[in-house]
Amino acid sequence: MKRVIISLMILLSLGSLTANAQCGEDVLKKALNEMGNGQYIKDFNIDIKSDTKEVKFSIILNSRSQYNFNIVNGSGNGENIVMELLDAGNVLFSTADGGKYITSAGIIIGKTKVYTLKFYTKGGGAGCARAVQSLVKQFTAEEMGN
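From a predicted model like this one, the values you see are computed outputs, not experimental measurements. (Residues numbered from 1 in each chain as written. Predicted model: local features only at pLDDT ≥ 70, side-chain atom pairs only at ≥ 80, totals over all residues. Heavy atoms only, no water.)

## Thoughts on the overall build of the chain
Part 1: When you go through the chain residue by residue, the secondary structure sums to two helices and eight strands.
Part 2: When the helices and strands of the chain are placed in sequence order, the string is α-α-β-β-β-β-β-β-β-β.
Part 3: Buried residues in the chain amount to 36% of all 146 residues.
Part 4: Restricting to contacts in the chain with at least 6 residues of sequence separation, those with at least 24 account for 82%. (Helix = DSSP H or I, 4+ residues; strand = E, 2+ residues; numbered from the N terminus. Buried < 20%, exposed > 50% of the residue type's maximum accessible area, 1.4 Å probe, protein only. Contact = heavy atoms within 4.5 Å.)

## Focus on the state of the cysteines
Cysteine pairs can be linked by a disulfide, which is a covalent bond between their two sulfur atoms.
Part 1: All told, the structure shown has one disulfide when counted by the stated rule.
Part 2: Linked covalently through their sulfurs, Cys23 and Cys128 form a disulfide whose S-S length is 2.0 Å. The chirality of the disulfide connecting Cys23 with Cys128 is right-handed, given an S-S dihedral of about 85 degrees. In this pair, Cys23 sits in the loop between α1 (2-21) and α2 (25-33) while Cys128 sits in strand β8 (residues 127-138), placing the two residues 105 residues apart along the sequence. (Disulfide = S-S within 2.5 Å.)

## Description of unusual backbone geometry
Residues other than glycine predominantly adopt negative phi, and peptide bonds predominantly adopt the trans conformation.
Part 1: In this structure, Arg64 takes a positive phi of about 55 degrees despite not being glycine.
Part 2: Structurally, Arg64 can be placed in the loop between β2 (54-61) and β3 (65-73).
Part 3: Residue Arg64 is classed as partly exposed on the basis of its relative accessible area of 32%.

Any functional reading would require information that these geometric values do not contain.
Dropping the structure here:
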């Protein structure tokens, strides 16, 4: 009986290592490579389980700045994870805009404040992804018309 319990524990731990490997360093490297010419700011590790509806991060974005966000889904995902940027509940961009899935989106911020970066799957399934936030450009007040 002790052997069965130990074998079961080993199998379960190997299964969790395999699940995490789907969105490990290789997925992060791909996300960083797809970042483009922007300056790296932060990366996000997204792990949506079947009982998790969504994952949210609060981020501070500065005025007069252009940001890019890109996402790379894990190889074992049943469906793509959607990334949205929200300002007080209003969607500023979505990677599932208009029924077409995109892997990156850019935005120019007019006001410094806390925004919400939200990740979810449309069908409510489980999955993992890595996302990267980068700074593309900072504008002067004159360029922004201020």
